[in-house]
Amino acid sequence: MEASSSGSDGKPITHQPEGREHCQGRHLETQISIRLDAQKRDVDFSEILNAIQEIAKDVNIFFDELEGIASPSKDDESLLHHGNLTSTSEDTSRFEAVGEGVPEKNKTSGLYFRDGKCRIDYLLVYRKSNPQNEKREVFERNIRAEGLQMEKESSLSNSDIIFVKLHAPWEVLGKYAELMNVRMPFRRKIYYLHRRYKFLNRIEKQLSRFRGWLPRKPMRLDKERLPDLEENDCYTAPFSQQRIHHFIIHNKDTFFNNATRSRIVHHILQRVKYEEGKNKIGLNRLLTNGSYEAAFPLHEGGYRSKKSIRTHGAENHRHLLYECWASWGAWYKYQPLDLVRRYFGEKIGLYFAWLGWYTGMLFPAAFVGLFVFLYGVATLNHCQVSKEVCQATEIIMCPICDKYCPFMRLSDSCVYAKVTHLFDNGATVFFAVFMAVWATVFLEFWKRRRAVIAYDWDLIDWEEEEEEIRPQFEAKYSKKERMNPISGKPEPYQAFADKCSRIIVSASGIFFMICVVIAAVFGIVIYRVVTVSTFAAFKWALIRNNSQVATTGTAVCINFCIIMLLNVLYEKVALFLTNLEQPRTESEWENSFTLKMFLFQFVNLNSSTFYIAFFLGRFTGHPGAYLRLINRWRLEECHPSGCLIDLCMQMGIIMVLKQTWNNFMELGYPLIQNWWTRRRLRQEHGSLRKASFPQWEKDYNLQPMNAYGLFDEYLEMILQFGFTTIFVAAFPLAPLLALLNNIIEIRLDAYKFVTQWRRPLASRAKDIGIWYGILEGIGILSVITNAFVIAVTSDFIPRLVYAYKYGPCAGQGEAGQKCMVGYVNASLSVFLVYDFEHRSEPSSNGSEFSGTPLKYCRYRDYRDPPHAPVPYGYTLQFWHVLAARLAFIIVFEHLVFCIKHLISYLIPDLPKDLRDRMRREKYLIQEMMYEAELERLQKERKERKKNGKSYHNEWP
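The structure presented is a predicted model; accordingly, all values stated were derived computationally and were not measured. Numbering of residues starts from 1 in every chain and runs along the sequence as written. Predicted model: local features are reported for residues with pLDDT of at least 70 only, side-chain atom pairs are reported and counted for 80 or more only, and whole-chain, interface and lining totals are derived from all residues. As a convention, hydrogens and water are excluded, and side-chain values are obtained from all of the structure's heavy atoms.

Draft legend 1. Just the overall build of the protein, in detail. Summing up its helical and strand segments, the protein has 33 helices and 19 strands in all. When each of the 956 residues of the protein is scored for burial, the buried share is 50%. By definition, residues are in contact when any of their heavy atoms lie within 4.5 Å. For the protein, contacts bridging at least 24 residues in sequence account for 76% of all contacts bridging at least 6. As displayed, the protein offers around 48,300 Å² of accessible surface, 58% of which is attributable to carbon and sulfur atoms. Helix and strand definitions here come from DSSP, where helices need a minimum of 4 consecutive H or I residues and strands a minimum of 2 consecutive E residues; each element is numbered from the N-terminal end. Note on exposure labels: buried denotes an accessible area under 20% of the residue type's maximum, exposed denotes more than 50%, and partly exposed covers the range between, all computed with a 1.4 Å probe on protein chains only. Computed by Shrake-Rupley with a 1.4 Å probe, the accessible areas treat only the displayed protein chains as cover when residues are assessed.

This is the structure we're talking about:
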């Protein structure tokens, strides 16, 4: 509502900017005269509507003609009130007539104008000291010219801060809702049931009777606590003012919900000029140049209440969301997605729908992974390999590092052999295949779930409107223009050669940053090589005896710190490279930035894991002829029990630390910032309680949503999905850890959106965008990596080859535990101690084992003994194992890819019942619209006949 002032007759009149009262009065007289003339001359009413529309156009462009004639004073002081939540004595007399019958709660809630009638649909914030006054004044005059009502309020905590409250009246909402094709409810849905056989009906009755005996489903939300979301039970159609009688309008003030109202106002603000010029338009540019400090819709009041929601109900949707969704007590409940969508919009609703679906799909993966782990625990005492390792007291292993590392008994690695069996057992291959199939099923069923959500939320036929060109693109290429094939208007054009050159430079930057990641991994490798010798000579026996585990643990922690530091650098580099490419629209910019950030962080997070999985201990040479870095440092070897234990440690530590850090940054950081703001306000305004602040000031003191929107939330989950699938064969507990994290993550994100962040603008989206393609790429990569982990990193293939070819059951077609007798001895080669290089020769001679210096030691490899014709050459078993590994990789990949494609083919993207519902709804809507139009025309025909008027060529 515009600020009011009293006229000469004492009645309240609406305040208008200078130069506009006369303009609108003249046009109002014109409208009245047109109506009277129409009644006299029997003019068709459509002609009157056209005339009124032409008049409205003239009114809307008045600022271009009258801007120089009469401009209001700086900051439009007539609309400014200095922090008064209630009106002064003068204001009271002015609002008595207007505010009669208005609840006092509306006036003091901070959600309405001072009259208590006009709800605040959008809020702009600026500082008086800001030098961009002229642009802001023009922008605000043009806002009022568009029909929006405005009221200003100074901050209670800082007089320099001014809040601009905006309200869209019904006429403006109707006009722009039609332009934006906002879908609104117009008829209740008609539900029908398929015809069923009597036998099936009887079974359903028995099942429903049986369900009645069971306890109530604890995961479902109480329907009595959720409001009746009318738009989900009605057919919807694009809003049209000409067919307004078709729509269900109980109350014009609540017909458009708050999120839709804010979206319409934001749409208007993006198209309002603030300066003369072709591209001087839109709120985003004013936020960029600092004219406004913030712009956001308001939350619907507080999220806490002294009254119980069960007895008194929810005070507002925010309170309801907090109790049913963001509260920690609701961690086991389903999400109220329809309410989330209504409050935050479809884009955020789709994110939480995807996150909930992903979390739900993790339950079977976590259960099977836990089963694989428990299977390893159950079969631990029956594992022949770990038994032989624990009993191998006579087998002396060669030192794993130069000089300081001593000889060791193989039995000393008994614990590591048992731990390795927990993850690397007979069920590992099955689990790898299961997870590859699971990833495909997850994505395919998500497509079906998304289709159902898109249908329920009226997103099936929604298409993004033609996006505006980014201001940076316009400024760079404003000299070259060409016609837009869609709009037919001239727009800036980027030459193909310029675009290619920028993409090449950007790709070079990406390649350079990947090289930086590899250099960081190389640094970690050198650290591991150097530190293992240091820990082997450590004073403390605990560290000295577990030097390799200590090396791996500290390396992983250092690697995590490097990962977090490089992530900060990568964000700046990705931002620079994306801006260098000069994308044309915001969606192109977002997709380009997303791809770069994902690529950087994925490589950064997984590079060390790839090194441990596929390179650690593979290219070390053998005793007496070790391969060295820069001819100095001996490459690190695997533990006598294998490299899988290193990979498990890497994944477990990184996954736990990363998820803990992310959760702290997501919730802990905003909590600390908001706490500090409240503390500062208490110190500065000790007499004012927090409750005395209006809603707009409370929301302003909250943290704004991330500059990149939902990017951080999606990125965190996509990287976790990679951890859950790519190396899952080495760490079956990864899905369980991901599940536990996501149960917390959903409530953390919900709590953050409801309580810690300003309310984001409700945006529409049909799906999760570029992230779906990234998920499909990770699913394909996971098949390849798991095939290599099983074939190369684990001992599954060497054991299989030994059982069928070299063990006691060779040629019998069996591969049980009895066939693994002697495997450990067959997998170790013999080395003559006198053949050590001088720089590799250990400090001790091994006399502590048998009382005499050792002559031979063992190491993991398939090589000939030192007295063979070709000393230390590869044995035939080595080539058999290598061939089996390659064969397994090929067979595994082809088999799993065939299963994935078969599943993708068999699962349709659209459920059959949904397809039938869509067809039936389309048919019913056409029938309803036809019947309504026919009814209206017949009614008009009867009225014309009643009035004695005759028309020719009437239909029907």
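Draft legend 2. Fine view of unusual backbone geometry. Even without glycine at this site, Asp458 takes up a positive phi of about 60°. One can find Asp458 in the loop between helix H18 (428–456) and helix H19 (471–476). Among the residues examined, Asp458 registers a relative accessible area of 15% and is labelled buried. Not every positive phi belongs to a glycine, and Tyr872 is a case in point at roughly 60°. If you trace the backbone, Tyr872 turns up in the loop between strand S19 (856–860) and helix H32 (876–906).

Draft legend 3. Summary view of the packing of aromatic side chains. Aromatic contacts are taken between Phe, Tyr and Trp rings whose centres are within 6.5 Å, Trp giving its six-membered ring; a plane angle under 30 degrees counts as stacked, one over 60 as edge-to-face, and the others as tilted. This model, assessed by the stated rule, comprises 51 aromatic pairs. Between Tyr126 and Tyr292, the aromatic rings sit 5.9 Å apart at their centres with planes inclined by 80°, giving edge-to-face as the arrangement. Here the residue Tyr126 occupies a position in strand S4 (residues 122–127), and Tyr292 occupies one in the loop between helix H11 (283–288) and strand S9 (294–296), the gap between them amounting to 166 residues. This pair shows no difference in class: Tyr126 is buried, exactly as Tyr292 is. With a centroid separation of 6.2 Å and an interplanar angle of 35°, the aromatic rings of Phe615 and Phe619 are classed as tilted. Only lysine NZ and arginine CZ atoms are considered, and such an atom sits over a ring when it is within 6 Å of the ring centre and within 35 degrees of the ring normal. A cation over an aromatic ring shows up here: Arg136 above the ring of Tyr126, its NZ or CZ 3.8 Å from the ring centre. Sitting over the face of the ring of Tyr343, Arg759 holds its NZ or CZ atom 3.8 Å from the ring centroid.

Draft legend 4. Representation of the environment of Phe407 within the structure. Following the sequence through the fold, Phe407 ends up in the loop between strand S10 (396–397) and strand S11 (408–409). Given the relative accessible area of 4%, Phe407 is considered buried. With 10 residues separating them in the primary sequence, Phe407 and Met397 have C-alpha atoms 5.9 Å apart.

Draft legend 5. Geometry of the state of the cysteines. Here, a disulfide means two cysteine sulfur atoms that sit within 2.5 Å of each other. Going through the model one piece at a time under the given rule, you end up with four disulfides. The disulfide partner of Cys398 is Cys857, and the gap between their sulfur atoms is 1.9 Å. The sign of the 85° torsion about the S-S bond sets the Cys398-Cys857 disulfide as right-handed. Of this pair, Cys398 sits in the loop between S10 and S11 while Cys857 sits in strand S19; the two residues are 459 residues apart in sequence, bridging distant segments of the chain. Judged by its relative accessible area of 6%, Cys398 falls in the buried class. Using a relative accessible area of 1% as the deciding quantity, one classes Cys857 as buried. The partner cysteine of Cys401 in its disulfide is Cys405, sulfur to sulfur 1.6 Å. Classification of the bridge connecting Cys401 and Cys405 rests on its S-S torsion, roughly 100°, and on that basis the disulfide is right-handed. Summarising the burial analysis for this pair, Cys401 and Cys405 share the class buried. Of the cysteine sulfurs around Cys383, a residue in no disulfide, the closest is that of Cys390, at 9.2 Å.

Draft legend 6. Structural context of the side chain of Asp160. Mapped onto the secondary structure, Asp160 falls in the loop between strand S5 (149–154) and strand S6 (161–167). Polar contacts involving the side chain of Asp160 include one to the side chain of Ser129, which spans 2.9 Å. Asp160 has contacts with Tyr126, Arg127, Lys128 and Ser129, leaving out every residue within four places of it along the chain. Here a polar contact is taken to be a pair of N or O atoms separated by no more than 3.5 Å, where protein atoms must pair a possible hydrogen donor with a possible acceptor and residues adjacent in sequence count only if both atoms sit in side chains.

Draft legend 7. Molecular detail of the nonpolar core. Throughout this description, the term nonpolar core refers to a set of buried Ala, Val, Leu, Ile, Met, Phe, Trp, Tyr and Cys residues connected via side-chain atoms within 4.5 Å. Membership of the largest hydrophobic core comes to 153 residues, with the highest contact counts inside it found for Phe344, Trp354, Tyr358 and Trp438. With 15 residues, helix H15 (residues 346–378) is the largest single contributor of residues to this core. Mapping this core onto the domain boundaries places at least three of its residues in each of domain 2 (469–584) and domain 3 (799–881). Among all residues touching Trp438, those that are not within four sequence positions of it are Tyr358, Met361, Leu362, Pro364, Ala365, Phe721 and Thr725. Core analysis: the next-biggest nonpolar cluster, separate from the first, contains 38 residues, Val164, Met180, Ile264 and Val265 among them. Source of the domain bounds: an automatic or database domain assignment.

Draft legend 8. Examining the environment of Arg618 more closely. Examined against the element boundaries, Arg618 turns out to sit in the loop between helix H23 (586–614) and strand S14 (621–622). Overall, Arg618 belongs to the partly exposed group, its relative accessible area being 29%. The sequence separation of Arg618 and Val792 amounts to 174 residues, and the corresponding C-alpha distance is 9.2 Å. Contact partners of Arg618, with chain neighbours within four places excluded, come to Ala613, Cys643, Val792 and Thr793. In terms of polar contacts, Arg618 uses its side chain to reach the backbone carbonyl oxygen of Val792, at 3.3 Å.

Draft legend 9. Summary view of the pairing of S4. Here S4 lies mainly inside the structure; five of its six residues are buried. Bridge analysis of S4 against S6 gives six bridges, and the strand direction is antiparallel. Its bridge partner lying in S6, Tyr126 is registered against Ile162. Any two strands are treated as partners once DSSP identifies two or more bridges connecting them. Summarising the sheet, S4 and S9 pair through three bridges and their orientation is antiparallel. Counted as the bridge partner of Leu124 is Ala295 from S9.

Draft legend 10. A look at a nonpolar patch on the surface. Exposure above 30% relative accessible area and no salt bridge define the residues that can form patches, which grow by joining like charges within 9 Å and nonpolar side chains of Val, Leu, Ile, Met, Phe, Trp and Tyr within 5 Å. What counts as a salt bridge is simple: a side-chain nitrogen of Lys or Arg found within 4 Å of a carboxyl oxygen of Asp or Glu. On the surface, Trp661, Phe664, Met665, Tyr669, Ile672, Trp675 and Trp676 cluster together into a nonpolar patch covering about 740 Å² of accessible area. Counting through the fold element by element, Phe664 comes out in helix H24 (residues 644–684). For Phe664, a relative accessible area of 42% translates into the label partly exposed.

Draft legend 11. Representation of the pattern of salt bridges within the structure. Summed over the entire model, instances satisfying the criterion amount to 24 salt bridges. A salt bridge links Glu346 to Arg341; the nearest nitrogen and oxygen atoms lie 3.0 Å apart. Here Glu346 and Arg341 have matching classes, each one buried. We note a salt bridge from Arg944 to Glu940, for which the minimum N-O separation is 3.7 Å.

Draft legend 12. Just helix H13 (residues 317–326), in detail. Counting buried residues in H13 gives nine out of 10 residues, a clear majority hidden from the surface. What H13 keeps buried is the set His317, Arg318, His319, Leu320, Leu321, Tyr322, Cys324, Trp325 and Ala326. Contact partners of the buried residues in H13: helix H12 (309–312), helix H14 (337–344), H15, helix H25 (695–700) and helix H27 (734–756). By the N-cap criterion, in which a side-chain oxygen at the helix start approaches the backbone nitrogen of a residue two or three places on, H13 is capped by Asn316, the distance to Arg318 being 3.0 Å.

Draft legend 13. Region of the structure containing H14. Counting buried positions along H14 yields seven of eight residues, so the element is predominantly enclosed. Here H14 has its buried residues at Leu337, Leu339, Val340, Arg341, Arg342, Tyr343 and Phe344. Taken together, the buried residues of H14 touch helix H10 (258–269), H13, H15, H18 and H27. Trailing H14 by a residue or two, Gly345 shows a phi angle of about 100°, which is positive.

Draft legend 14. Highlighting the environment of Pro694. By secondary structure assignment, the location of Pro694 is in the loop between H24 and H25. The class for Pro694 is buried, based on a relative accessible area of 5%. Distance in space between the C-alpha atoms of Pro694 and Leu111 is 8.0 Å, their sequence separation being 583 residues.

Draft legend 15. Up close: the pairing of S5. The buried count for S5 comes to six of six residues, which makes it a mostly enclosed element. Taking every second residue as pointing to the same face, both faces of S5 are buried, with Gln149, Glu151 and Glu153 on one and Met150, Lys152 and Ser154 on the other. Inspection of the sheet shows S5 paired to S6 by six bridges, in the antiparallel sense. Bridge pairing links Lys152 to Val164 in S6. Counting the residues between successive antiparallel strands, the hairpin from S5 to S6 contains six residues.

Draft legend 16. Layout of the packing of H18 against H32. Note on geometry: axes are lines fitted to C-alpha atoms, helical ones only across the stretch in contact, with angles between N-to-C directions running from 0 to 180 degrees. Look at H18 against H32: their axes get within 10 Å of each other, and the N-to-C directions meet at 30°. It follows that H18 is roughly parallel to H32 by the angle criterion. For the crossing formed where H18 meets H32, the hand is right-handed. Between H18 and H32, the contacting residues are Val429, Ala432, Val433, Ala436, Val437, Thr440, Val441 and Glu444 on the first element and Phe888, Phe892, Val896, Ile899, Lys900, Ile903 and Ser904 on the second. Under the convention adopted here, Pro, Cys and the residues Ala, Val, Leu, Ile, Met, Phe, Trp and Tyr are nonpolar, Asp, Glu, Lys and Arg are charged, and Gly plus all remaining residues are polar. Of the residues in the contact of H18 with H32, the class split is 11 nonpolar, two polar and two charged. Every angle not falling under 35 degrees, over 145, or within 65 to 115 is termed oblique; those three ranges are roughly parallel, roughly antiparallel and roughly perpendicular. With the far helix as reference, a near helix turned anticlockwise by less than a right angle produces a left-handed crossing, and one turned clockwise produces a right-handed crossing.

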